[in-house]
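Examination of the molecular architecture
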Amino acid sequence: MEFFDRYRWQSILASAAALAGTVLVFPGRFNESVRFKFYGATWKYFVDKVDVWRGSGLNTFIGLGPVIQRDSGIMMDRACGGEVCWWLSLHSDWFQLLVETGVIGFCLGLCLYVNALVRSDKQTRIALTLLAICGLGYFPVQIPAIEVYAAWLVARSQFKEVV
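Before going into details, it helps to say that this report is about the structure given with it. Fair warning: this is a prediction, and the values are worked out from it, not measured in the lab.

Rules and cut-offs
- Residues numbered from 1 in each chain as written.
- Predicted model: local features only at pLDDT ≥ 70, side-chain atom pairs only at ≥ 80, totals over all residues.
- Heavy atoms only, no water.
- Phe/Tyr/Trp six-rings, centres within 6.5 Å; stacked < 30°, edge-to-face > 60°.
- Helix = DSSP H or I, 4+ residues; strand = E, 2+ residues; numbered from the N terminus.
- Salt bridge = Lys/Arg side-chain N within 4 Å of Asp/Glu carboxyl O.
- Buried < 20%, exposed > 50% of the residue type's maximum accessible area, 1.4 Å probe, protein only.

**Quick word on the packing of aromatic side chains**
A full pass over the atoms with the stated rule returns 9 aromatic pairs. Aromatic pair F38 and W87: ring centres 4.5 Å apart, planes at 65 degrees, arrangement edge-to-face. Of the two residues, F38 is situated in helix 4 (residues 34–49) and W87 in the loop between helix 5 (61–72) and helix 6 (93–119); the sequence distance between them amounts to 49 residues. Seen from their ring centres, W94 and F106 are 6.1 Å apart, and the 80 degrees between their planes marks the pair as edge-to-face. Taken together, the ring pairs connect F36, Y39, W43, F46 and F95 into an aromatic cluster.

See the structure below:
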C-alpha cells in the first residue's frame with residue numbers, strides 16, 4: 001500500500017500506457033474481438049430501440065443479449081465447443097448498467113460509487129477502484145459473492161463506525 005501511495009500517479013500513468021500499448025501492439029485482436037463487436041451491436045440496439053433515459057429495465061439483458069446476438073449475427077461458437085453460446089450478460093458491468101437503467105440510472109449508480117469512494121478509507125478505496133476497473137471489461141458484480149462484497153464495501157464507506 002505504501003508503494004501505491006508514494007507512486008500513485010506513476011502507477012496510474014504506467015497502467016494507462018500499458019493498456020494503450022496493448023491496443024496499439026495488438027490492434028486486430030481488439031477490432032476483431034467478438035466482445036467488442038457485441039459491444040458495438042449492443043450500443044446500436046440501445047440507441048435505436050431502448051429508451052436512452054430510462055433503459056430497458058433491471059436484469060433485462062438476460063433476454064436482450066440473445067436478441068442482439070441473433071439480430072446482429074454475432075455468434076460465439078468457439079468457446080462452446082462448436083455450439084452457439086448466448087450472452088446473458090454484457091461482460092461489462094458499467095455498460096450493462098447503462099443499457100438496463102439508462103442515463104438516469106447510470107448517473108445515480110455513478111453517484112453512489114463516487115460517494116462511496118470519497119467517504120471510504122484508503123483500503124476500501126483501493127478495493128472499490130479495482131472492482132470498478134474490473135467491471136469495465138468483465139462482470140464481477142453479477143457474481144453473488146462479489147455482489148455481497150461490493151455491498152459490504154459501500155456500507156463500510158458509509159458507516160465507518162458501525163461496520
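What follows continues from the structure just given.
**Section: the pattern of salt bridges**
Going through the model one piece at a time under the given rule, you end up with 4 salt bridges. D48 serves as the salt-bridge partner of K44, at 2.9 Å between the closest nitrogen and oxygen. Placement of the pair is K44 and D48 together in helix 4, with a separation of 4 residues, close to one helical turn. Of the two residues, K44 and D48, both sit in the exposed class. The shortest N-O distance in the salt bridge between D71 and R70 comes to 3.2 Å. Residue class for D71 comes out partly exposed when judged on its relative accessible area of 46%. Given a relative accessible area of 52%, R70 falls into the exposed group.

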